[in-house]
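# Structural description and commentary
Below are the chains, spelled out letter by letter.
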Amino acid sequence: MILEDNYRYKGMRKSLVKQLRDKGIKTEQVLEAIQKVPRHFFFDDTFLEYAYEDKAFPIEEGQTISQPYTVAFQTELLAIQKNDKVLEVGTGSGYQSCILLELGAKVFTVEYQKKLYQRVKDFLPTINYYPRIFWGDGTKGLPQFMPYNKIIVTAGAPAIPPSLIHQLKEGGILVIPVGSKQNQIMIRITKKYDNQFKKENFHTFSFVPLRGEEGWHDQ
Ligand code: SAH
């Protein structure tokens, strides 16, 4: 497959960015990252026209590439600083990882499904994005590289996995959708210096279920 970016796609991204601004995304660096990453590279040839709609889209293995608004919202909540060490749970298509890399983060991303992991591992270097990609249960985090400045979970959790809180640096931020299998509230946890936590609730989203030891167990 030949991947090409051009003025038409750049124009489509520009109108997507405008939509996101209208929906309340304010952080300029986040909007710039969305303007930069060619989301259509993550789509099959036959579905290219859907790449810049503000909608989630099915990828392999019954999973999805998150809606651009959701990616922007979670990324905004993370308040990424250059060189932040970021753990992403749920690599999926790899798109969110690219957005984090554009913001100057060092990205460690974990995917539960081996096929998706393998695909992203092969694909991202071909479009010049280099996160560190792992296959495994992200609810346990990646203890070998802790602590993280920021942790983002991109699948719906039944509860906040304690391992993730543990692997967060003091002053760090965890953004995670928590709720039922159908709907989740976006939660932001900020780990304070005295091991206290600040917890903020945002609005409702609808993610695919988080699996693994501290996720949903039934199929
Ligand atoms: N961030 C992705 C969207 C991911 S969809 C993107 O930008 O495209 C959610 C992903 O989380 C799915 O690929 C799913 O397989 C994965 N997932 C679910 N439970 C997981 C777990 N315990 N650890 C790691 N990944 C998990």
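Provided above is the structure to which this section pertains.
Notes on the structure follow. For clarity, every value in this text was computed on a predicted model and none was experimentally measured. (Residues numbered from 1 in each chain as written. Predicted model: local features only at pLDDT ≥ 70, side-chain atom pairs only at ≥ 80, totals over all residues. Heavy atoms only, no water.)

## Here we look at the overall build of the chain
Secondary structure assignment for the chain yields 6 helices and 9 strands. Summarising its shape, the C-alpha atoms of the chain cover approximately 50 × 35 × 30 Å along the three principal directions. Here the chain, with 219 residues, has 51% of them falling under the buried criterion. Of the contacts made within the chain by residues no fewer than 6 positions apart, 54% connect residues no fewer than 24 positions apart. Carbon and sulfur atoms form 52% of the exposed surface of the chain, whose accessible area is close to 10600 Å². Separation between the mean location of the 29 positive side-chain charges and that of the 25 negative ones in the chain comes to 4 Å. (Helix = DSSP H or I, 4+ residues; strand = E, 2+ residues; numbered from the N terminus. Buried < 20%, exposed > 50% of the residue type's maximum accessible area, 1.4 Å probe, protein only. Contact = heavy atoms within 4.5 Å. Areas by Shrake-Rupley, 256 points an atom, 1.4 Å probe, with all protein chains shown as cover. Lys, Arg positive; Asp, Glu negative; His and termini not counted. Charge placed at Lys NZ, Arg CZ, Asp CG, Glu CD.)

## Observations concerning the packing of aromatic side chains
Counted according to the given criterion, the structure contains 15 aromatic pairs. Centroid distance Tyr69 to Phe73: 5.8 Å. Interplanar angle 35°. Geometry classified as tilted. Here Tyr69 and its partner Phe73 are both found in helix H3 (residues 68-78), 4 residues apart, which amounts to about one turn of the helix. In this pair, the class of Tyr69 matches that of Phe73, namely buried. Members of the aromatic cluster, each reached through a chain of ring pairs, are Tyr69, Phe73, Phe202, Phe205 and Phe207. Sitting over the face of the ring of Tyr95, Arg39 holds its NZ or CZ atom 5.6 Å from the ring centroid. If you follow Lys85 out to its NZ or CZ, it ends over the ring of Tyr148, 5.9 Å from the centre. (Phe/Tyr/Trp six-rings, centres within 6.5 Å; stacked < 30°, edge-to-face > 60°. Lys NZ or Arg CZ within 6 Å of the ring centre and 35° of its normal.)

## With respect to helix H5 (residues 114-123)
Considered for burial, the residues of H5 that qualify are Leu116, Tyr117, Val120 and Phe123. For H5, the buried positions fall inside an angular range of 145° around the axis, keeping them on one side. Structurally, H5 contributes buried residues whose contacts are with strand S4 (106-111) and strand S5 (132-135). (Arc of directions from axis to C-beta.)

## A look at the sheet that holds S5
Taken together, the 7 strands give an open sheet; going across it, the order is S5-S4-S3-S6-S7-S8-S9, and neighbouring strands pair in mixed fashion. Each edge of the open sheet is held by one strand with a lone partner, namely S5 and strand S9 (197-205). Sheet twist, expressed as the average angle between the axes of neighbouring strands with direction ignored, equals 15°. Bridging between strand S3 (residues 85-89) and S4 involves 5 bridges; their strand directions are parallel. The residue of S4 that forms the bridge with Lys85 is Lys106. Along the sheet face, H5 touches S4 and S5 and points at about 160° away from the line of S5. (Pairing = 2+ DSSP bridges. Axes fitted to C-alpha atoms, helices over the stretch in contact; angles between N-to-C directions.)

## A closer look at the pattern of salt bridges
Inspection of every chain in the model, using the stated rule, returns 12 salt bridges. Between Lys140 and Glu214 there is a salt bridge, with its nearest N and O atoms 2.8 Å apart. On the criterion of sequence distance, the pair formed by Lys140 in the loop between S5 and strand S6 (148-153) and Glu214 in the segment after S9 is long-range, its members being 74 residues apart. According to the relative accessible area criterion, Glu214 is buried, its value standing at 18%. The partner of Arg188 in a salt bridge is Glu200, with the nearest N and O atoms 2.8 Å apart. Here Arg188, found in strand S8 (residues 184-191), pairs with Glu200, found in strand S9; they are 12 residues apart in sequence, far enough to count as distant. Each of Lys140, Glu213 and Glu214 takes part in a single network of salt bridges with overlapping partners. (Salt bridge = Lys/Arg side-chain N within 4 Å of Asp/Glu carboxyl O.)

## Comments concerning unusual backbone geometry
That bond from Met146 to Pro147 is cis: its omega, 0°, falls within 30 degrees of zero. Mapped onto the elements of the fold, Pro147 is located in the loop between S5 and S6. A positive phi angle, near 60°, is found at Glu61, a position not held by glycine. Its location among the elements puts Glu61 in the loop between strand S1 (57-58) and strand S2 (64-65). You can call Glu61 partly exposed: its relative accessible area is 34%. Here the phi dihedral of Ala79 falls at roughly 45°; this positive angle occurs in a residue that is not glycine.

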